[in-house]
Amino acid sequence: MRHGMVWLRSWPLVLMGTLACAGKGANLAPAPVFYPPPPDTPRVQFLTFITSEADLGRRRSVLDRVVGASDQQKVIAKPYGLALHGGKIYVCDQDIFGVDVLDLPKREITFFQPKDPHAMRRATNCFVDGDGTLYVADTGTKQVLVYDSAGAFVARFGTEDDGNPVDVFVAGDRIYVSHLAGTHKIRVYDRRTRQPLFGFPDVPAEDSAGLAAPTNLFVTGDRVYASDMLKAQVLVYTTDGTWTQTIGRPGLGPSTFQRPKGIAVARDSLIYVVDGGFDNVQVFGADGRLRMFFGGPGEQPGAMVLPVKVVIDYEHLDYFRQYVAPGYDLEYLILVTNQFGPWKINVYGFLRPLASGAQ
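In this numbering scheme, every chain counts its residues from 1 along its sequence in written order. The predicted origin of the model limits local features to residues at a pLDDT of at least 70 and limits the giving and counting of side-chain atom pairs to 80 or more, whereas totals for whole chains, interfaces and linings rest on all residues. Excluding hydrogens and water, the side-chain figures rest on all heavy atoms present in the structure.

Draft legend 1. Region of the structure containing the overall build of the protein chain. A helix here means a DSSP run of H or I that spans at least four residues, while a strand means a run of E at least two residues long, and both kinds are numbered starting from the N terminus. A tally of helices and strands in the protein chain yields two helices and 27 strands. The burial tally for the protein chain puts 56% of its 359 residues in the buried class. When checking whether two residues touch, look at their non-hydrogen atoms; a contact exists if any pair is within 4.5 Å. The long-range fraction of contacts in the protein chain, counting pairs at least 24 apart against all pairs at least 6 apart in sequence, stands at 48%. Areas reported here follow the Shrake-Rupley algorithm with a probe of radius 1.4 Å; residue values treat only the protein chains shown as occluding. Counting every atom, the protein chain has about 15000 Å² of accessible surface; 52% of that belongs to carbon and sulfur. A 1.4 Å probe rolled over the protein chains alone gives each residue an accessible area, and that area as a share of the maximum for its type sets the label: buried under 20%, exposed over 50%, partly exposed in between.

Here it is, written out as structure tokens:
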């Protein structure tokens, strides 16, 4: 697949094409919803959405009926951050003072709500480590809260003087935390001791390399990507804090942002950025050039309502392959949270065409 090519069509034509091939109000669209729409080659397909246990395929069992369990399905209320690990989707739900845990094999939702003194106040973003450790950036407590794979409280770190933590990302032996306030908008901690190591950038927000209000982080290789909601840009640094690149600019058209928030980088080096103003996700190449975008406002399948987080996933493809259009397979999943609207988590797939005659 050639990722160097430009896949972009005009901004309004993509939405018109999506509306033409989409139905309304169904979890499965009557026809596949592709981005970009025909006649261009599909790159991304809207697969499904998850708002309640019903969207996971959960039905009442015989035991539920015998013991008189409620028919009411558990729902996601107001999601913000999201992470996946071990067959589970962890969703920071700002209406429940905790985290929704979506168990994909069991097709059920449980609510992780630790009690005082280890409770969450406003879980904003989260990260799950390889061993199942859950890190929660809590803007209510103004700290990062850490729980083990069994849900037991492990630690908290950060102080009010550090600023208000809005995202957390673990990479190697470091923990990166973005802050809306404080001297350094990104602080780096030792993963083992959780003690502060350093912060960056060391320039004011007005500087081209400075951060005003970084909301989301993504770390890969030797690069740290930070979306800045006030500057309406994505700034890229080395893992030691040296500015290297800026992606996008404020504006009202392609390659511009209004309210950039969630950010993720795929293994193919494509950079996905959520924009809560445009209600879409823009996709950039490593060179910072816009390749395509998907989503958009409206009531059609695949639309977004105040999206905030985007996550790339390679480990849970089998749970969503049933939705892929004939002739394609999944390279990876793209999950986007919406704070409002009927679709709390939109699930998209980056497509790989099957060889002719393949099943």
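Draft legend 2. Representation of the side chain of Asn164. With respect to the helices, strands and loops of the structure, Asn164 is situated in the loop between β10 (153-157) and β11 (165-171). Setting aside its immediate chain neighbours within four residues, Asn164 contacts Asp138, Thr139, Lys142, Ser178, His179, Leu180 and Ala181.

Draft legend 3. Just the sheet that holds β10, in detail. Taking strand neighbours across the sheet as the criterion, the four strands line up as β7-β8-β9-β10 in an open arrangement whose pairing is antiparallel. Two strands bound the open sheet, and with one partner strand each, they are β7 (123-128) and β10. Here the average twist between neighbouring strands, direction ignored, is 20°. Bridge count between strand β8 (residues 134-138) and strand β9 (residues 143-147): five bridges; the pairing is antiparallel. Along β9, the bridge assignment pairs Leu134 with Tyr147. Paired strands are those between which DSSP finds at least two bridges. Axis lines are fitted through C-alpha atoms, for helices just across the contact stretch, and the angle between N-to-C directions can take any value from 0 to 180 degrees.

Draft legend 4. Region of the structure containing the sheet that holds strand β17 (residues 233-238). Taking strand neighbours across the sheet as the criterion, the four strands line up as β15-β16-β17-β18 in an open arrangement whose pairing is antiparallel. The open sheet has two free edges, formed respectively by β15 (214-220) and β18 (243-247), since each of these has just one partner strand. The sheet shows a mean angle of 20° between the axes of neighbouring strands, direction not considered. Two elements, β15 and strand β16 (residues 223-228), share six bridges in a ladder whose sense is antiparallel.

Draft legend 5. Representation of unusual backbone geometry in the model. Residue Pro39 is bonded to the preceding Pro38 through a cis peptide linkage, with omega at 15°. Mapped onto the elements, Pro39 comes out in the loop between β1 (33-35) and β2 (44-50). The linkage connecting Asp116 with the following residue, Pro117, adopts the cis geometry, with an omega of 10°. With respect to the helices, strands and loops of the structure, Pro117 is situated in the loop between β6 (108-112) and β7. In this structure, Arg107 takes a positive phi of about 60° despite not being glycine. Within the secondary structure, Arg107 is located in the loop between β5 (98-103) and β6. Of note, Lys142 is a non-glycine position whose phi angle comes to about 60°, a positive value. Along the polypeptide, Lys142 turns up in the loop between β8 and β9.

Draft legend 6. Highlighting the pattern of salt bridges. We define a salt bridge as a contact between a side-chain nitrogen of Lys or Arg and a carboxyl oxygen of Asp or Glu at a distance within 4 Å. A complete count under the given rule lists ten salt bridges for this structure. As a salt-bridge pair, Asp116 and Arg121 come within 2.5 Å of each other at their nearest N and O atoms. Note that Arg291 and Asp287 form a salt bridge whose closest N and O atoms lie 3.5 Å from each other. Classification of Arg291 as buried rests on a relative accessible area of 5%. Exposure remark for Asp287: the relative accessible area of 42% places this residue in the partly exposed category. Taken together, the shared-partner salt bridges connect Asp318, Arg321, Asp329 and Arg352 into one network.

Draft legend 7. Molecular detail of the pairing of β5. Counting buried residues in β5 gives six out of six residues, a clear majority hidden from the surface. Hairpin connection from strand β4 (residues 88-93) to β5: four residues lie between these consecutive antiparallel strands, with Phe97 at a positive phi of about 55°. Across five bridges, the pairing between β5 and β6 is antiparallel. Within the sheet, the bridge partner assigned to Asp100 lies in β6 and is Phe111. What sits between the antiparallel neighbours β5 and β6 is a turn of four residues, in which Arg107 has the positive phi angle 60°.

Draft legend 8. Focus on the side chain of Ser52. Relative to the helices and strands, Ser52 is located in the loop between β2 and α2 (62-67). When neighbours within four sequence positions are excluded, Ser52 is seen to be in contact with Gln73, Lys74, Val75 and Ile109.

Draft legend 9. Looking closely at the pairing of strand β12 (residues 174-179). Buried residues dominate β12, accounting for five of its six residues. Bridge count between β11 and β12: six bridges; the pairing is antiparallel. The residue bridging Phe169 from the neighbouring strand is Tyr176, located in β12. Note: β12 against strand β13 (residues 186-190), five bridges, orientation antiparallel. Among the inter-strand pairings, Ile175 is bridged to a residue of β13, identified as Tyr189.

Draft legend 10. Fine view of the confidence of the model for the protein chain. A score from 0 to 100, pLDDT tells how confident the predictor is in each residue. A residue-level look at the protein chain finds 87% of positions with pLDDT of 70 or above and a mean pLDDT of 89. Within the model, the stretch residues 60-70 combines pLDDT values under 50 with eight contacts to residues more than four positions away or in other chains.

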